Each structure stands twice: as C-alpha cells, then as structure tokens.
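For reference, the chains in residue letters:
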Amino acid sequence: MQKDQQEDHTRLLAELARQEQTLQLAAFSNSDALALGLRLVERARELGKAVTVDICRNGHQLFQHAMAGTTPDHANWVRRKNNVVQRYGHSSFYVGTLYRSKGQTFEADSGADPADYAAHGGAFPLIIRGTGAIGTVTVSGLPQKEDHELVTSVLRAWVETQP
C-alpha cells in the first residue's frame, strides 16, 4: 500500500472514531426513532436520492422506510451492515476502512460470512452517553461514503438539538 493511501486511511479512521465519540445521545425513545427516521428520509429527498432507512434499538426495529426507487436488496444490505456494527461496535464504514488500512478486505480476511456481514458505509451505532451502543441507524442505496455521510450529517444535526 502506498504511503499517501495509508495516511488517508489513518486520517479517515481518526475522523470516523471522532464521529462515534461526538455523535452520542442522552436518551433515545421510539418517538425519537420516528423523528430521526423521517429526518433522514426528508434529507434524502432534498438531495434527490432514493434510500432505505432503518433504525433499531436493542434488536427491535423502530423505523424502516424504503423510498420509491429502492429495491428489496437494500433491506438485505441494511441487515448485513447492522450485523457489522453489532459485532464490531463501530460504524460499518469504520470497520471496512480498518481492513483496507491493513491492505486487507473485510470479505476475505474477517472470517465473517459475507451473506450476513457487509462492512460498507451506512450503518452507525446509536450510542447513549455513559451507556454505550444501544442500536443502529442505517441507510442503504448510495455509494458507501454517501450512505455514511447522510447518516452522520442528520445525526449530527439531531445531536445538536438534544439536551
């Protein structure tokens, strides 16, 4: 791996870890899941994008919406990305980037079944300050970096409005 590519991975991993530290909530209710999910759908509409949005807390799906233009395959991507967050405790984009930073691929080197795990951007842990990860917020339908950025930008705005 080239030195600048390694430096890019190192910077990206640091930024992704920072996001997990700063995008934490005081609490998260079923009503919050609905409001956050609707904000994600609205932001995707504003961008002219079609995505599937999923929010789970402790294995309980609280919100899911598949916009016009998505396919049932997006729900499978959501499931596989969520499994990565639940197994590794980091965003799916972080996990995939971590493997790439080592010159590896998640699919070939993790030992996880690709039928059940996808380390592609779009799934982010729902983290309660002082408690830890309690679920996931996930977007599927765009290139992985865009899926991740959609989730984190809306979650950042959400966190800024919370006590």
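An account of the accompanying structure is given in this report. (Residues numbered from 1 in each chain as written. Predicted model: local features only at pLDDT ≥ 70, side-chain atom pairs only at ≥ 80, totals over all residues. Heavy atoms only, no water.)

**Here's the deal with the sheet that holds strand β3 (residues 60-66)**
Selection rule: In short, DSSP must find at least two bridges between two strands for them to pair. By the criteria applied, helices consist of DSSP H or I runs no shorter than four residues and strands consist of E runs no shorter than two, each listed in order from the N terminus. A contact between two residues is defined here by any heavy atoms of the two lying within 4.5 Å. Fitted lines through C-alpha atoms serve as axes, helices being fitted only where they are in contact, and the angles separating the N-to-C directions of these axes extend from 0 to 180 degrees.
Read from one edge of the open sheet, five strands run β1-β4-β5-β2-β3, paired in mixed fashion. The sheet terminates laterally at β1 (24-25) and β3, the two strands that pair on one side only. As paired elements, strand β2 (residues 52-57) and β3 share six bridges and run antiparallel to each other. Across the sheet, residue R57 finds its bridge partner in β3, namely H60. Docked against the sheet, helix α1 (residues 3-22) engages β1 and β4 (123-128), running at close to 40° with respect to β4.

**Overview of the side chain of H148**
On the secondary structure map, H148 appears in helix α6 (residues 144-161). Dropping the residues within four chain positions of it, H148 is found in contact with L16, Q19, S91, F93, G121, G122 and F124.

**Some details on the pattern of salt bridges**
The test is simple: The salt bridge definition used is simple: a Lys or Arg side-chain nitrogen within 4 Å of an Asp or Glu carboxyl oxygen. Here's how the labels work: a residue is buried when its accessible area is under 20% of the maximum for its type, exposed when over 50%, partly exposed in between, all with a 1.4 Å probe on protein chains only.
Following the criterion strictly, the structure yields eight salt bridges and no others. Ionic pairing is found between K49 and E146, a salt bridge with its closest N-O pair at 3.7 Å. One end of the pair, K49, is in the loop between α2 (30-47) and β2; the other, E146, is in helix α6, with 97 residues separating them in the sequence. Relative accessible area serves as the criterion here: at 32%, K49 is assigned to the partly exposed category. Put simply, D147 and K81 hold a salt bridge, and the shortest N to O gap is 2.8 Å. Taken together, the residues span a long stretch of sequence, with D147 in helix α6 and K81 in helix α3 (residues 72-88) at a distance of 66 residues.

**Looking at the environment of S101**
Our working rule: Identification of polar contacts relies on pairs of N or O atoms within 3.5 Å, with a donor-acceptor requirement for protein atoms, meaning one able to donate a hydrogen and the other able to accept it, and with residues adjacent in sequence counted only if both atoms are side-chain atoms.
Relative to the helices and strands, S101 is located in helix α4 (residues 92-101). By relative accessible area, S101 is classed as buried at 11%. When the C-alpha atoms of S101 and R18 are compared, they prove to be 17 Å apart, with 83 residues separating the residues in sequence. Only 2.6 Å separates the side chain of S101 from the backbone oxygen of L98, close enough to count as a polar contact.

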